[in-house]
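Chains, contacts and geometry: an overview
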Amino acid sequence: MPYLFGYLFCFNDFFKHMINSNYTTALAAGLVSVLSIGTVMPSHAQNGPRDYQRTALAAMKEGKWQEALDAVDRCIRVYEPRIKMLGLDDGFGWFYYQKGVCLSQLKKYSEAVEAFKACYTKFPSARNQLVKMALFREGENYCRMGEFGKGAELLEKFLKEYRNDPVARNVNAGEVQGLLAQCYFRMDPPSFDKGLENLT
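Residues numbered from 1 in each chain as written. Predicted model: local features only at pLDDT ≥ 70, side-chain atom pairs only at ≥ 80, totals over all residues. Heavy atoms only, no water.

1. Let's talk about helix α10 (residues 131-144)
Here α10 is 14 residues long and its end C-alpha atoms lie 20 Å apart, about the 20 Å a rise of 1.5 Å per residue gives. Counting buried residues along α10, 13 of its 14 residues qualify, which places the element largely inside the surrounding structure. One or two residues past the end of α10 sits Gly146, with phi positive at roughly 85°. (Helix = DSSP H or I, 4+ residues; strand = E, 2+ residues; numbered from the N terminus. Expected span 1.5 Å × (residues − 1). Buried < 20%, exposed > 50% of the residue type's maximum accessible area, 1.4 Å probe, protein only.)

Shown next as structure tokens:
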């Protein structure tokens with residue numbers, strides 16, 4: 001049992017690694033996912049979301065999370081009410097995903113949860129290449145809020161759905177299971193059996 005307490009003790013360092021390790025995947029996926037936005041828009045509006053995307057990505061790469069958040073928020077406000085009229089598809093979920101990323105980096109975890117949830121539920125088709133990643137991030141941020149039961153539920157769901165997803169399947173499943181184990185160990189009451197299952 002001492003090794004278990006040591007494992008619990010390193011939770012914060014482990015979680016920090018998990019938070020940072022997959023943002024590169026998210027940025028790379030964003031470059032692909034947003035392409036479908038411009039291709040289906042009328043020519044007079046084609047560069048609108050792409051301009052917001054470029055601004056957001058440039059800010060994110062420099063760690064300017066509030067600036068990136070402002071860009072994706074503006075795009076959501078301007079274009080989401082007209083999605084159907086403009087012929088936009090579920091690739092628009094990219095903006096909600098990156099909104100969640102920015103909010104998480106700004107330590108606004110409850111707002112990040114809502115953004116990732118919107119990405120997953122409002123734009124559920126494969127045209128949203130970040131739809132499964134949004135499920136993972138939602139669970140991850142519930143854990144950051146200390147809501148380990150909800151976090152575990154979503155991470156379990158992610159592990160059942162991610163394998164056929166072209167972006168999410170690149171996530172290290174072992175790391176996700178490690179995070180899931182931490183959730184089981186830290187929930188109230190803890191579920192040590194389920195936690196240990198994810199470490200073997």
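2. Observations regarding the environment of Pro124
Mapped onto the elements, Pro124 comes out in the loop between α9 (109-122) and α10. Residue Pro124 is classed as exposed on the basis of its relative accessible area of 52%. Here the alpha-carbon distance between Pro124 and Asp90, two residues 34 residues apart in the chain, equals 7.0 Å. The residues contacting Pro124, other than those within four sequence positions of it, are Asp90 and Val131. (Contact = heavy atoms within 4.5 Å.)

3. With respect to unusual backbone geometry
Peptide bonds are, in most cases, trans, and in most cases residues other than glycine have a negative phi. Cis geometry is found at the peptide bond from Asp188 to Pro189, where omega equals 0°. Inspection of the secondary structure puts Pro189 in the loop between α12 (173-186) and α13 (192-197). One non-glycine residue, Lys107, lies in positive phi territory at about 65°.

4. Notes on α12
Here α12 is 14 residues long and its end C-alpha atoms lie 20 Å apart, about the 20 Å a rise of 1.5 Å per residue gives. Buried within α12 we find Glu175, Val176, Gly178, Leu179, Leu180, Ala181, Gln182, Cys183, Tyr184 and Phe185.

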